[in-house]
Amino acid sequence: QHELWPPAHPAKLVPASSATTILYIGASRRPPPARVRVAVRLRPFVDGTAGASDPPCVRGMDSCSLEIANWRNHQETLKYQFDAFYGERSTQQDIYAGSVQPILRHLLEGQNASVLAYGPTGAGKTHTMLGSPEQPGVIPRALMDLLQLTREEGAEGRPWALSVTMSYLEIYQEKVLDLLDPASGDLVIREDCRGNILIPGLTQKPITSFADFERHFLPASRNRTVGATRLNQRSSRSHAVLLVKVDQRERLAPFRQREGKLYLIDLAGSEDNRRTGNKGLRLKESGAINTSLFVLGKVVDALNQGLPRVPYRDSKLTRLLQDSLGGSAHSILIANIAPERCFYLDTVSALNFAARSKEVINRPFTNESLQPHVLGPVKLSQKELLGPPEAKRARGPEEEEIGSPEPMAAPASASQKLSPLQKLSSMDPAMLERLLSLDRLLASQGSQGAPLLSTPKRERMVLMKTVEEKDLEIERLKTKQKELEAKMLAQKAEEKENHCPTMLRPLSHRTVTVAKPLKKAVVMPLQLIQEQAASPNAEIHILKNKGRKRKLESLDALEPEEKAEDCWELQISPELLAHGRQKILDLLNEGSARDLRSLQRIGPKKAQLIVGWRELHGPFSQVEDLERVEGITGKQMESFLKANILGLAAGQRCGPS
């Protein structure tokens, strides 16, 4: 067993928003700070890759520092200092035992922890987190140890009962997908009133052994999106997050509850599309990955600079990592780098990000709540529920002779000790039961009791008197309200009997003048009027004024008002009307879009609509079929006929208005 980190500071009771929930945080007013710990892992050379025979561009100096060639000056090197450095010969056990295993103990204290694998594509992030059957990675080792710890701490006879659940998701192209239930679709990320990040609808599977974990995790891992690129045949195309939740419940008083979360995150690698050769879907995936990692860098920079706004919401990844970076978790960042010179720029970028990340400060605290134990209903006698005067009257003569001046003697057992608040006869029984339960709970802890539960007799009598006065005031107000309601009902009944209308009658001689409407007229071409006048048998077509009619109506009249308006009526012979309609129909069926634009009320857009409708549905059977064309209403059809019928009837075409 490796030495674990020292436990957190002792917890302190702080009242929370709920009356039955108490939150435990650190001993100081703010939780103690915990810096993000950063470890760097250098993978060995991979056979068959370009530059495998070249000397490495990175060299480890000791267990915490390394150096890399300076691309600006080849005679110099850049040195980096981290919490841990693992060279090419380091094993999976070395990385797990040195950086990950120490944070598991915090989960049993109700605190959060997270492990992130960061680095360019092909640097070995997935191998570090998952590993292989021969060399298991961080995830299987952490789950095996965590389940062993929970079995030991939750065994019979121990004060805590523990349960473990797991969830597995991926962030693919800014979509949160449940790998345990791929059919659930894109999930949303929410934040509760305490600032905790949660995902409604995410599947949670209870696990009690490592076999249970493998039964759920291995099929879900096959649902993760992977693809082949020039640099990696099985490149991760999404960010994978394994969430393990440890719930603890205390078996004895005060029946506390704790909740710790472990985030195991395998980030997708940043990619240079010029070297990976991504095209099509792979290029789109690469853009989403690089964008989320860019926002991750902005979040780290904002935290280090102390900016007022940290852009967590700019990406689903950073929104989910809000607890891990600048939040309430013990965080470990494992930066994976490659030794080949072709990865030099990616390696420098990963080391710079890791150097900035180790300056981020988190403030972990214990997520602990206190719930009163569910007690059975407390059965109280009539004397216990009555106050001192009522209790004295309820006693018999024999009890009165030998009775003590005090209403009740204190019982010997602390569990049978009753609160003085039991004497309030007007108190709600449910509220009284809760107060008694809390009183017994405090008595079992050896507490002296709250000031309210240990009030002297005089103060208790004053409190009882105040409660009785309030009850009398409430009864008096209720009686007054009933009297007012009865009085109102009597007034309504009297009004119905007398048939007294309350509404005012309108004035008998008030009149309303109808507004004069606008005049409408159709202008006929002068040549057409002259031709019709010259024809011996032609009927003269003129606009005839039907006259103006004005009528005043009194408001006393109940008949609807007749509306009169000035109007103009067009008088035309039926033969010319039919001839004009036929010409319009021929033009609609045979004319081009340019010919149709010569009609009144027909512009370029409507002409194209008419031609398209004619090609799709065939010729028009009548002029009224024009209403079936999309965009032409009945009102527009009426104005169209009035504007075009006279000109076409005379064999002329009027230009567009």
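Residues numbered from 1 in each chain as written. Predicted model: local features only at pLDDT ≥ 70, side-chain atom pairs only at ≥ 80, totals over all residues. Heavy atoms only, no water.

Participant: Help me understand the UniProt feature "coiled-coil region" (unreviewed entry) in the protein chain, please; the structure alone is not making it clear to me.
Facilitator: The UniProt feature table records "coiled-coil region" (unreviewed entry) at residues 467-494. The span residues 467-494 shows a helical share of 100% and a strand share of 0%, and its end C-alpha atoms are spaced 41 Å apart. (UniProt positions renumbered as here; feature names shortened; annotations may be inferred. Helix = DSSP H or I, 4+ residues; strand = E, 2+ residues; numbered from the N terminus.)

Participant: I'm lost on the packing of helix H6 (residues 281-305) against helix H8 (residues 344-357) in this one. Help?
Facilitator: For any two helices packed against each other, the geometry is given by the interaxial angle and the distance between the axes. Two elements in contact, H6 and H8, have axes separated by 9 Å at closest approach and are oriented at 35°. For the crossing formed where H6 meets H8, the hand is left-handed. On H8, the residues touching Leu296, Gly297, Val300, Asp301 and Asn304 of H6 are Phe353, Arg356 and Ser357. For the contact of H6 with H8, a count of residues per class yields 3 nonpolar, 3 polar and 2 charged. (Axes fitted to C-alpha atoms, helices over the stretch in contact; angles between N-to-C directions. Left-handed = near helix turned anticlockwise from the far one by under 90°. Contact = heavy atoms within 4.5 Å. Nonpolar A, V, L, I, M, F, W, Y, C, P; charged D, E, K, R; others polar.)

Participant: Any chance you could explain unusual backbone geometry here in plain terms?
Facilitator: Residues other than glycine predominantly adopt negative phi, and peptide bonds predominantly adopt the trans conformation. Note the cis peptide between alanine 253 and proline 254, where omega equals 10°. At glutamate 174, a position not held by glycine, the phi torsion is positive, near 60°. On the secondary structure map, glutamate 174 appears in the loop between strand E10 (160-172) and strand E11 (175-178). You can call glutamate 174 partly exposed: its relative accessible area is 31%. With phi around 60°, phenylalanine 255 is a residue other than glycine that occupies positive phi space. (Buried < 20%, exposed > 50% of the residue type's maximum accessible area, 1.4 Å probe, protein only.)

Participant: How do you make sense of the sheet that holds strand E5 (residues 58-60) when you look at a structure like this?
Facilitator: Sheets are built from strands that pair by backbone hydrogen bonding, the pairs being arranged parallel or antiparallel. Strand order across the open sheet formed by 3 strands is E5-E6-E7, with antiparallel pairing between neighbours. Edge positions in the sheet fall to E5 and strand E7 (77-81), since each has one partner strand and no second. Within this sheet the neighbouring strands show an average axis-to-axis angle of 25°, counted without direction. Sheet topology places E5 next to strand E6 (residues 65-69); 3 bridges connect them, and they run antiparallel. Counterpart to valine 58 in the pairing with E6 is isoleucine 68. Sitting on the sheet, H8 touches E5, E6 and E7, and the angle it makes with E6 is about 145°. (Pairing = 2+ DSSP bridges.)

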